[in-house]
Every structure is written in structure tokens, then in C-alpha cells.
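# Breakdown of the fold
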Amino acid sequence: MGFNIAIDGPAGAGKSTIAKAVAAKLGFIYVDTGAMYRALAVHFIRNGITAGEADKIAEALSGVSVSIVYEDGQQQVLLDGENVTGLLRTEDVGNMASATSIYGPVREKLLDLQRELAASADVIMDGRDIGTHVLPDAQLKIYLTATVKARALRRFKELSEKDSAADYEAIEKDIINRDHQDMNRAIAPLRQAEDAVYLDTSEMDIDQVIAEILRLYESRRAGA
Ligand code: DC
């Protein structure tokens, strides 16, 4: 196994931005597991399946494949060979991913792929259950979080740049719902692994968070 860094945390905590930057600094591969759940969500939406239809979801999983390739160091998610990466970052797809990730068959479908990627290289992998479930032996685990307000404000700023009608209240509500869904599901819910470092980034900027993770990495490496 290479060196594995696991980053878990709630929606909007900045996991992917931070993980991408840390991966680039360390020459690690960045694995975005949320994108895999999002790709399956696209598949369910395309097939007219709603989040409550557990049987149809299980059925729809049997004939579909999710795989990952890297182009110029960027993760691309393939759904039955089709590159769906450009379709994944909408609120609808995110909400569908959260609502369907509660099902055991959905999670099992992606687990081997996630573990295989981590076994083959030095990776920094982000998600909800990486430190607790997917990579319990990761050498460094971070629980990256921020207050609901800080996360909603960051997302609002990001969205306002593209859409002047961005609605702060709706974004905050969405984050609260997603937290509730991800933290309270029966299988592999979002929680801090016992051996994870808790990092509240509410009062930190991106460079400070990156520097702190690099510092933690160096100290783990030195201690290993
Ligand atoms: O990180 P994200 O917003 O792209 O993830 C979308 C949803 O996928 C998230 O709300 C819950 C689910 N997910 C999960 O259950 N486990 C993971 N390791 C990653 C994501």
C-alpha cells in the first residue's frame, strides 16, 4: 500500500479544493469518492428512478459500471464508459447522490473501486466514510469541517459569481438537510474516525488549511 490520506467531512467543508491542492503538492493521486456516488445518481435520474425506490435502485446497479481514469492528472468518472464528469456538480445530482448513498448495494458497488485505487498508489481520498470504513488503515486521517454558516456562506459566494439569483437561505437549508442525511444513515454514516485529526476551517483560509495538512503529513512521515 502507498501512503493513504483520508479526508472526511460534511458538504461544503472544502474537502475537494483542499485535497486537490495537497495532492498536487505531494504528487499524490486525488480520489474524489463523492463523484462516484454522483455518477450513480446521474444513472438513476436518467432512468427515471426516485431516491425512495430501493428495489429499482438495486436493479439499476446490476447493469451499470463506474470506473475512473485520469486525464492530465484530473479524475474523470466513466459511467458505462461515458465520461460524465461534467454532469456531476449540480445541486440536484448532489442531493440525489446523498439520498441514494444510504443503500447498501450502492455503497458496495463503489467500495472495491475505492480500495483498489488506494492500494495502487499514494492517494488522498475524500468522502464521508473514508477514514471510518473505506481505508481504516490510512496513515493520516483528517475530519475537515466548518460551521453550517461558514459553509453556506462559501457556497453562496461561489454560486453568486455565476448566478446573481443565488439564494443564501436555500443553500443553508440544503447544507443542513445534507448533513442530516449523511450523518444519520444506517450504513457508514459520516462521523469522525477515532484516529482522525479534527480540523475546523471556519476561521481559516485555504492556504492555512493546506499548510496544516502538509505539516501533519510531514510529521506522520517522520514518525513512520
Ligand atoms: O462529496 P460530495 O458532495 O460530492 O458527495 C455527494 C454525496 O455522496 C454525499 O452527500 C454523500 C455521498 N457520499 C458518501 O456517502 N460517501 C462518500 N465517501 C462520498 C460521498
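Up top is the structure.
All of the points below concern the structure found in this document. (Residues numbered from 1 in each chain as written. Predicted model: local features only at pLDDT ≥ 70, side-chain atom pairs only at ≥ 80, totals over all residues. Heavy atoms only, no water.)

### What about the site of the ligand?
Neighbouring residues of the ligand: 16 residues in total, closest Arg-38, Arg-107, Asp-129, Asp-182 and Arg-185. Within the side chain of Thr-33, one N or O atom sits 3.0 Å away from a nitrogen atom of the ligand. One of the side-chain nitrogen or oxygen atoms of Asp-129 is found 2.9 Å away from a nitrogen atom of the ligand. When the ligand is considered free in solution it has 450 Å² of accessible area, and contact with the protein chains removes 96% of it. Those elements giving two or more residues to the shell around the ligand turn out to be helix H2 (33-46), helix H4 (91-100) and helix H8 (168-184). (Near = heavy atom within 4 Å. Polar contact = N/O pair within 3.5 Å; in protein donor to acceptor, adjacent residues only side chain to side chain. Areas by Shrake-Rupley, 256 points an atom, 1.4 Å probe, with all protein chains shown as cover. Helix = DSSP H or I, 4+ residues; strand = E, 2+ residues; numbered from the N terminus.)

### A word on the packing of aromatic side chains
The tally for this structure, following the rule as stated, stands at five aromatic pairs. Between Phe-3 and Phe-28 the ring centres are 6.2 Å apart and the planes differ by 55°, which places this aromatic pair in the tilted class. With Phe-3 in the segment before strand S1 (4-8) and Phe-28 in the loop between helix H1 (15-26) and strand S2 (29-32), this pair connects stretches of sequence that are 25 residues apart. Note on accessibility: Phe-3 and Phe-28 belong to one class, buried. (Phe/Tyr/Trp six-rings, centres within 6.5 Å; stacked < 30°, edge-to-face > 60°. Buried < 20%, exposed > 50% of the residue type's maximum accessible area, 1.4 Å probe, protein only.)

### A closer look at the packing of H2 against helix H3 (residues 54-62)
Axis separation between H2 and H3 bottoms out at 11 Å; the angle between their running directions is 110°. Judged by the angle between their axes, H2 and H3 are roughly perpendicular. For the pair H2 and H3, contact is made by Leu-40, His-43 and Phe-44 and by Ile-57, Ala-60 and Leu-61, respectively. (Axes fitted to C-alpha atoms, helices over the stretch in contact; angles between N-to-C directions. Parallel < 35°, antiparallel > 145°, perpendicular 65-115°, else oblique. Contact = heavy atoms within 4.5 Å.)

Worth remembering: the numbers are spatial, not functional.
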